[in-house]
Amino acid sequence: MHIPQSAADIPAKFRRLLVPGKINQILCTGNLTDRATHDYLRNITPAVHVARGAFDDRAFPVSHRIEEQGLRLGLVNGHLMVPNGDVDTLAATARLMDVDVLVTGNTHRFEAYEEQGRFFINPGSITGACSALDAQSVPSFVLMEVKLRHVVAYVYQLVNDEVVVDRIEYNKE
């Protein structure tokens, strides 16, 4: 998220969508560098999982493994992976973590795909903070609905000051 170092805040149009009581868990891919944003997320739901990013000064774990509705979800920042965002590196990480879905970050770019029977999703940067790879990124986040080995991912992107939503599905065979 990189608040306040690289971004002032979560865009207001996204904040209006993040309603307490509607979201069961938050998976944050790291760089949650200020206490106020962490408190804001915990106000949405007390179940906030944060994977430590390169700029986190608190002792968040490097990874999480969460079981939900017959699926194993993994959460990592990705800053320790070389090369960054590489499909083979992510696939190896998913195998090592023994997960069906791997949520990763660090590139600040939304990406979702299936590889080797697993689902990989990078929600991008909710603040649109720049990265070492991109001087500008499109603010984005993902809401996932997980039911009985099935994931529906709703991708929210702020494009030209308008919220654009796409839907992606994954079924574990």
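Scoring rules and cut-offs
- Residues numbered from 1 in each chain as written.
- Predicted model: local features only at pLDDT ≥ 70, side-chain atom pairs only at ≥ 80, totals over all residues.
- Heavy atoms only, no water.
- Pairing = 2+ DSSP bridges.
- Helix = DSSP H or I, 4+ residues; strand = E, 2+ residues; numbered from the N terminus.
- Axes fitted to C-alpha atoms, helices over the stretch in contact; angles between N-to-C directions.
- Patch = residues over 30% accessible without salt bridge, like charges linked within 9 Å, V, L, I, M, F, W, Y side chains within 5 Å.
- Areas by Shrake-Rupley, 256 points an atom, 1.4 Å probe, with all protein chains shown as cover.
- Salt bridge = Lys/Arg side-chain N within 4 Å of Asp/Glu carboxyl O.
- Buried < 20%, exposed > 50% of the residue type's maximum accessible area, 1.4 Å probe, protein only.
- Contact = heavy atoms within 4.5 Å.
- Polar contact = N/O pair within 3.5 Å; in protein donor to acceptor, adjacent residues only side chain to side chain.

The name given to the chain in an unreviewed UniProt entry is Vacuolar protein sorting-associated protein 29, with the source organism recorded as Coemansia linderi.

J.: How would you explain the sheet that holds strand β6 (residues 110-115) if you had to name every residue and give the values?
T.: On the basis of which strands lie adjacent, the open sheet formed by five strands has the order β3-β4-β5-β7-β6 and mixed pairing. Both outer strands of the open sheet, β3 (63-68) and β6, are each paired with one neighbouring strand and no more. The mean angle between the axes of side-by-side strands here comes to 15°, regardless of whether they run parallel or antiparallel. Relative to strand β7 (residues 118-123), β6 is paired through six bridges, and the arrangement is antiparallel.

J.: Outline the pairing of β3, supporting the account with residue identities and numerical values.
T.: Where β3 and strand β4 (residues 71-76) come together, six bridges link them in antiparallel fashion. Counted as the bridge partner of Ile 66 is Leu 73 from β4. Joining the antiparallel neighbours β3 and β4 is a turn of two residues, in which Gln 69 adopts a positive phi near 50°.

J.: An account of a nonpolar patch on the surface is needed here, citing residue identities and associated values.
T.: Taken together, the side chains of Leu 17, Val 163 and Val 165 make up a nonpolar region of the molecular surface, amounting to roughly 200 Å² of accessible area. Structurally, Leu 17 can be placed in the loop between α1 (12-15) and β1 (26-28).

J.: Any details on the sheet that holds strand β8 (residues 140-147)? Residues and values, ideally.
T.: Sheet architecture is open: three strands sit in the order β8-β9-β10, paired in antiparallel fashion. Edge positions in the open sheet fall to β8 and β10 (162-171), since each of these has one partner strand only. Pairs of neighbouring strands in the sheet enclose a mean axial angle of 20°, with direction left out of account. Pairing geometry for β8 and strand β9 (residues 150-159), over eight bridges, is antiparallel. Within β9, the position partnered with Val 142 by the bridge is Val 155.

J.: So, helix α3 (residues 87-97): which residues are in play, and what are the values?
T.: Taken as a whole, α3 has its buried residues at Thr 89, Leu 90, Ala 91, Thr 93, Ala 94 and Met 97. In this structure, the buried side of α3 is in contact with β3, β4, β5 (101-103), β6 and β7. Between the side-chain oxygen at the start of α3 and the backbone nitrogen of Asp 88 there is a gap of 3.2 Å, and the oxygen is on Asp 86.

J.: Give me the side chain of Asn 122: which residues, what numbers.
T.: Tracing the chain through its elements places Asn 122 in strand β7. What makes Asn 122 buried here is its relative accessible area of 4%. Within the structure, the side chain of Asn 122 is placed 2.8 Å from the side chain of Thr 107, a separation counted as a polar contact. Dropping the residues within four chain positions of it, Asn 122 is found in contact with Thr 104, Gly 105, Thr 107, Arg 109, Phe 110 and Glu 111.

J.: Before we move on, could you go through the pattern of salt bridges and cite the residues and values that matter?
T.: Here the structure, examined in full by the defined rule, presents ten salt bridges. Measuring nitrogen to oxygen at the nearest pair gives 4.0 Å for the salt bridge that ties Glu 162 to Lys 13. With Glu 162 in strand β10 and Lys 13 in helix α1, this pair connects stretches of sequence that are 149 residues apart. Judged by its relative accessible area of 25%, Lys 13 is partly exposed. Here Glu 169 ties to Arg 167 by a salt bridge, and the two come within 2.9 Å at their closest N and O atoms. Through salt bridges that share partners, Arg 65, Glu 67, Arg 72, Asp 98, Asp 100 and Lys 172 make up one connected network.

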